Amino acid sequence: MLQVKKILVPIDFSNNSNQVFEFGHSLAQYTHAQLHLIHIIDPIYYEKQQTETTDLSFIHKTRLENAKEELRKFKFEMPYSVVDITEVLVEGVPHIEILDYARKNDIDLIIIGSHGWTNLSRNLMGSIADKIMRQADIPVICLKSNMHVIRNRELRRQSFAENWVG
């Protein structure tokens, strides 16, 4: 039987992230597991945005601050929660960093949304979720986005933080 003590939930601040977080939080509460929220900033974004007048250090600093604040908001989304929530902000290639974090931190389960900001155009499954499902050596739950539920529960969040790949 699978013992779930640590759950990893990648967050990209898309609407689907709210559902994934809520599901992960509920499961962590039920299993008495730790919940790890991870957000990845892809540094390739800077190269794409670079012009002669671009201040990359300002963009980098602002992106990190905004992402840190948005990630913190998830932690306090559930007031009076008994779940131990860890927030992690990493720079790198999203699927690689997620899988690396899971291995290094003895994560038992990954819960990821089928589509985030970067994957809205894919029909079956987003590219990051697909890579994690194929490469993970632990169980992965991939949640299908359900915008109807998000609208009815008013979980939409205005975010100044970017998505995984900018």
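Keep in mind it's a predicted model, so treat the numbers as computed, not measured.

(A) Quick peek at the pairing of strand 4 (residues 109-113). Within strand 4, 5 of the 5 residues are buried, which leaves it mostly tucked inside the rest of the structure. Here strand 1 (residues 6-10) pairs with strand 4 via 2 bridges, running parallel. From the neighbouring strand, L8 faces strand 4, where its bridge partner is I110. In terms of strand pairing, strand 4 meets strand 5 (residues 140-143) through 4 bridges, oriented parallel. Counterpart to G113 in the pairing with strand 5 is L143.

(B) Seen up close, the sheet that holds strand 3 (residues 85-91). The strand order 3-2-1-4-5 describes an open sheet built from 5 strands, whose pairing is parallel. Each having just a single partner strand, strand 3 and strand 5 make up the two edges of the open sheet. For this sheet, the mean angle separating the axes of adjacent strands, direction not counted, is 20 degrees. Of the strands in this sheet, strand 1, strand 2 (34-41), strand 3, strand 4 and strand 5 are in contact with helix 1 (residues 15-31), which crosses strand 4 at around 155 degrees. Strands strand 1, strand 2, strand 3 and strand 4 of the sheet are contacted by helix 4 (residues 94-104), whose axis makes an angle of about 150 degrees with strand 2.

What counts and what doesn't
- Residues numbered from 1 in each chain as written.
- Predicted model: local features only at pLDDT ≥ 70, side-chain atom pairs only at ≥ 80, totals over all residues.
- Heavy atoms only, no water.
- Buried < 20%, exposed > 50% of the residue type's maximum accessible area, 1.4 Å probe, protein only.
- Helix = DSSP H or I, 4+ residues; strand = E, 2+ residues; numbered from the N terminus.
- Pairing = 2+ DSSP bridges.
- Axes fitted to C-alpha atoms, helices over the stretch in contact; angles between N-to-C directions.
- Contact = heavy atoms within 4.5 Å.

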